[in-house]
Amino acid sequence: MTQDELKQNVAQAAIEYVVPDTIIGVGTGSTANFFIDELAKIKGTIEGAVASSEATAERLKSHGIPVFDLNSVAEISVYIDGADEADAGLNLIKGGGGALTREKIVLAVADKFVCIADDSKKVNVLGKFPLPIEVIPMARSYVAREIVKRFGGEPVLRDGFITDNGNLILDVHALEITDPVSMENELNSIVGIVTNGLFAARPADIFLCGTANGVETLTAK
């Protein structure tokens, strides 16, 4: 079974978590795109969606799904998005697509977080996938030095990439993240960081994991 087929399967499974007559949050990336395509089949059952990126908003609109500005929404029933890595506690690394800040903001309003990914994203310890950090452009070098000083790792500027917020991404390689909540909080204390790609203070509630034997429904251990 191909990776795309696994993503398709978890996207279909995630439809069961869509709450009728509500506004839902939708993430960014290839797996989220599969979910949007599935959501289009039942678009009449929801009020609409809040998008975590301009790309997601455009894909939703292309299917005729109403897209709401988060400032006009008081509650989101469920946020559905992929991940770049997930550990047994459903702590995640996200931001491979560069939308980590808006993803975190939309998630903050959501009642439930359903993560959808294939089983290649499951890890024992986070950090093999480079940790994305969104930074204010003028703080790039300072932030990189602070990260190395505090955590080690190898910050690398994501070349030619600008976030939807007009900022830069540092991808931090060679980390072994054994205490993701602590690291997430400390990273956010560094002046110049907008946010980081650790989703541990608010991990996933459910992880729909695509495997060759079907979709596994995992909760935090």
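What you see is a predicted model, and the numbers here were worked out from it, not measured in a lab.

Novice: I'd love a proper account of a nonpolar patch on the surface, names of residues and values included.
Specialist: A cluster of nonpolar side chains, namely Ile136, Met138 and Val194, defines an oily patch on the protein surface of about 310 Å² accessible area. In this fold, Ile136 is placed in the loop between β7 (131-135) and α5 (140-151). On the basis of relative accessible area, Ile136 is assigned to the partly exposed category, the value being 35%.

Novice: Summarise the nonpolar core; cite the residues concerned and give the values.
Specialist: The biggest cluster of nonpolar side chains holds 25 residues, and the ones touching the most others in it are Ile24, Phe35 and Leu39. Those elements that place two or more of their residues in this core are α1 (3-14), β1 (23-26), α2 (30-39), β2 (48-51), α3 (54-62), β6 (113-118) and β12 (206-211). Once you skip the residues sitting within four places of it in the chain, Phe35 turns out to touch Ala11, Ala14, Ile15, Val18, Ile24, Val26, Ile80 and Ile116.

Novice: Please set out the environment of Ile65 residue by residue, giving values where relevant.
Specialist: Residue position: Ile65 is located in the loop between α3 and β3 (79-81). Owing to a relative accessible area of 2%, Ile65 belongs among the buried residues under this scheme. The spacing of Ile65 and His173 is 108 residues in sequence and 37 Å in space, taken between C-alpha atoms. Not counting the four nearest positions on each side in its chain, Ile65 is found in contact with Ile36, Leu39, Ala40, Lys43, Ile46, Ala49 and Leu60.

Novice: Break down the packing of aromatic side chains for me, citing the residues and quoting the values.
Specialist: In the structure shown here, the tally under the stated rule is one aromatic pair. Lys104 extends its terminal NZ or CZ atom over the ring of Phe199, reaching a point 5.1 Å from the ring centre. Above the plane of the ring of Phe161 lies Arg158, whose end atom (NZ or CZ) is 5.2 Å from the centre.

Novice: Residues and numbers for the sheet that holds β2, please.
Specialist: With mixed pairing, the six strands of this open sheet are ordered in space as β2-β1-β3-β6-β12-β13. The strands lining the two open edges of the sheet, one partner per strand, are β2 and β13 (214-218). Averaged over all neighbouring strand pairs, the angle between strand axes comes to 25°, with direction disregarded. Note that β1 and β2 share four bridges and pair parallel. Bridge pairing in β2 links Ile23 to Gly48. Seen against the sheet, α3 touches β1 and β2 and runs at an angle of roughly 160° to β2.

So, how was this worked out
- Residues numbered from 1 in each chain as written.
- Predicted model: local features only at pLDDT ≥ 70, side-chain atom pairs only at ≥ 80, totals over all residues.
- Heavy atoms only, no water.
- Patch = residues over 30% accessible without salt bridge, like charges linked within 9 Å, V, L, I, M, F, W, Y side chains within 5 Å.
- Areas by Shrake-Rupley, 256 points an atom, 1.4 Å probe, with all protein chains shown as cover.
- Salt bridge = Lys/Arg side-chain N within 4 Å of Asp/Glu carboxyl O.
- Helix = DSSP H or I, 4+ residues; strand = E, 2+ residues; numbered from the N terminus.
- Buried < 20%, exposed > 50% of the residue type's maximum accessible area, 1.4 Å probe, protein only.
- Core = buried A, V, L, I, M, F, W, Y, C linked by side-chain atoms within 4.5 Å.
- Contact = heavy atoms within 4.5 Å.
- Phe/Tyr/Trp six-rings, centres within 6.5 Å; stacked < 30°, edge-to-face > 60°.
- Lys NZ or Arg CZ within 6 Å of the ring centre and 35° of its normal.
- Pairing = 2+ DSSP bridges.
- Axes fitted to C-alpha atoms, helices over the stretch in contact; angles between N-to-C directions.

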